[in-house]
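What the coordinates show
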Amino acid sequence: MNSFETFKHLHQNTAPLLIGNVWDVKSAEIFQTNGFRAIGISSQAISNALGYPDGENLPFDELLRITKRITEVVDIPLTVDMEAGYSRGLQGILENVEKLHDCGAVGINLEDTLPGEKRSLVPAASFAETVAVVAEHINKRKLNIFLNIRTDAFLLGLPNALAETKKRIRFYQESGADGIFVPCVTESSDIAAVVQSTSLPINVMCMPDLPGFKTLESLGVKRISMGGFFFNKIYDHAGQLAGKILKEQEFSSIFS
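Quick look at the structure, then. In this text, all values refer to a predicted model and were calculated from it rather than measured experimentally.

A word on the pattern of salt bridges
Going through the model one piece at a time under the given rule, you end up with twelve salt bridges. Of the charged contacts, one joins Glu 62 and Arg 65 as a salt bridge, the two residues approaching to 2.7 Å between their closest N and O atoms. Taken together, the positions of Glu 62 and Arg 65, both in helix 4 (residues 60–73) and three residues apart, correspond to about one turn of that helix. A salt bridge links Glu 72 to Lys 68; the nearest nitrogen and oxygen atoms lie 2.6 Å apart. One end of the pair is Glu 72 and the other is Lys 68, both in helix 4 and four residues apart, which spans about a single turn. On the basis of relative accessible area, Lys 68 is assigned to the partly exposed category, the value being 41%.

Looking at the pairing of strand 5 (residues 107–111)
Successive residues of a regular strand alternate their side chains across the two faces of the sheet. Extensive coverage of strand 5 is indicated by the burial of five of its five residues. Because side chains alternate across strand 5, one face comprises the buried residues Gly 107, Asn 109 and Glu 111, and the other comprises Ile 108 and Leu 110, equally buried. Relative to strand 5, strand 4 (residues 78–81) runs parallel, the two being bridged by three bridges. If you follow Val 80 over to strand 5, its bridge partner there is Ile 108. For the segment spanning strand 4, helix 5 (residues 90–102) and strand 5, crossover handedness is right-handed. Pairing between strand 5 and strand 8 (residues 146–150): five bridges, direction parallel. Among the inter-strand pairings, Ile 108 is bridged to a residue of strand 8, identified as Leu 147.

Some points on helix 7 (residues 161–175)
If you check helix 7, its first and last C-alpha atoms are 21 Å apart, about what 15 residues at 1.5 Å a residue would give, namely 21 Å. Buried within helix 7 are the following residues: Ala 161, Glu 164, Thr 165, Arg 168, Ile 169, Tyr 172 and Ser 175. Taken down its axis, helix 7 places every buried residue within 135° of arc, on the same side. Relative to its buried face, helix 7 has exposed residues pointing more than 90 degrees away, namely Ala 163 and Glu 174.

Considerations on the sheet that holds strand 2 (residues 20–22)
If you trace the nine strands from one edge of the open sheet to the other, you get 1-11-10-9-8-5-4-3-2, paired in parallel fashion. Every interior strand has two partners, whereas the edge strands, strand 1 (17–18) and strand 2, have only one. In terms of strand pairing, strand 8 meets strand 9 (residues 179–181) through three bridges, oriented parallel. Within the sheet, the bridge partner assigned to Ile 149 lies in strand 9 and is Ile 180.

Remarks on the packing of aromatic side chains
Under the criterion given, the structure shown has nine aromatic pairs. Each ring, one from Phe 60 and one from Tyr 86, has its centre 5.0 Å from the other, and the planes form 50°; the classification is tilted. Of this pair, Phe 60 sits in helix 4 while Tyr 86 is found in the loop between strand 4 and helix 5, placing the two residues 26 residues apart along the sequence. Just as Phe 60 is buried, Tyr 86 falls in that class too.

Points about a nonpolar patch on the surface
A grouping of Phe 230, Ile 234 and Tyr 235 is seen on the molecular surface, where their side chains present a nonpolar patch of about 260 Å² in accessible area. Owing to a relative accessible area of 35%, Ile 234 belongs among the partly exposed residues under this scheme.

Section: the pairing of strand 4
Of the two faces of strand 4, both are covered, the one formed by Leu 78 and Val 80 as well as the one formed by Thr 79 and Asp 81. Inspection of the sheet shows strand 3 (residues 39–41) paired to strand 4 by three bridges, in the parallel sense. Bridge pairing in strand 4 links Ile 41 to Val 80.

As for the environment of Ile 224
One can find Ile 224 in strand 11 (residues 223–225). On a C-alpha basis, the gap between Ile 224 and Leu 18 in space is 4.9 Å, while along the polypeptide they are 206 residues apart. Setting aside anything within four residues of it in sequence, one finds Ile 224 in contact with Pro 16, Leu 17, Leu 18, Ile 19, Asn 203, Val 204, Leu 210, Phe 213 and Leu 216.

Reading the values: rules and limits
Going along each chain's sequence as written, the residues are numbered from 1 onward. The predicted origin of the model limits local features to residues at a pLDDT of at least 70 and limits the giving and counting of side-chain atom pairs to 80 or more, whereas totals for whole chains, interfaces and linings rest on all residues. Based on all heavy atoms of the structure, the side-chain values leave hydrogens and waters out of the count. Salt bridge, as used here, is a side-chain nitrogen of Lys or Arg placed within 4 Å of a carboxyl oxygen of Asp or Glu. Helix numbers and strand numbers start at the N terminus; a helix is a DSSP run of H or I with at least 4 residues, a strand a run of E with at least 2. Here's how the labels work: a residue is buried when its accessible area is under 20% of the maximum for its type, exposed when over 50%, partly exposed in between, all with a 1.4 Å probe on protein chains only. Strands are treated as partners if at least two bridges between them are detected by DSSP. Note on handedness: a crossover is taken as right-handed if, strands pointing away from the viewer, the path from the first strand over the helix to the second is clockwise. One fewer than the residue count of a helix, multiplied by 1.5 Å, yields its expected span. By construction, the arc corresponds to the directions joining the helix axis to the C-beta atoms. Stacked, edge-to-face and tilted are the three classes for Phe, Tyr and Trp ring pairs, Trp counted by its six-membered ring, which pair at centre distances within 6.5 Å; planes under 30 degrees apart are stacked, over 60 edge-to-face, the rest tilted. Every patch collects residues that have over 30% relative accessible area and no salt bridge, joining them within 9 Å if they carry like charges and within 5 Å if they are nonpolar side chains (Val, Leu, Ile, Met, Phe, Trp, Tyr). The accessible surface values rely on the Shrake-Rupley method and a 1.4 Å probe; as for residues, cover is taken only from the protein chains in view. Contacts: residue pairs with any heavy atoms within 4.5 Å of one another.

Structural data, given as structure tokens:
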């Protein structure tokens, strides 16, 4: 199997696929060395690592450059968070999907909210049309891309988050999505309801209250992401270590 076929197959196992979310070549190498079977570029992590706030503020050329470099060095499949597509026009989104494919990505996340001062949900029917065009383009051009659609009702904390999510999943499945990403869902009953609402593999994300992996497996989850939390933890630790070096006026804490 090629990298794309391997990645697609990893969504069909009983045990969920754990994605190592990366922001540069070194982080990608670390996950590969430690036995992870696939990695994904986190938009928040890569943006913050390069000094940009999340929300399509990172120049797209930078995302392409790092995607290409990671796939040149690492052997396991790489998927890329392209947020809302880095374009408000369909043609621009399609071009960006092709560029990521040409840089070696075998999957993308495309989300149904638009970035800005306040993140806003795109109407379900309208976004489903976008998904349909992207899916058709991927199939027509025979691109090896797994189309993972992120839906953000739980992320936004909507009072009707479960009902809105299930409605949107129906739209996106009918439009040709390969998988569904529901960040910030944590209650087992909600996760089970989401899984049962579709035949597509469901992706959940690291959260403080997210159940353990075995529980998620029993609920039918097929993919688990880290988002930017792994990155944040590493740099929290780096900040503490830097402060300790300055306070102690020695380097012993690096070697302890």
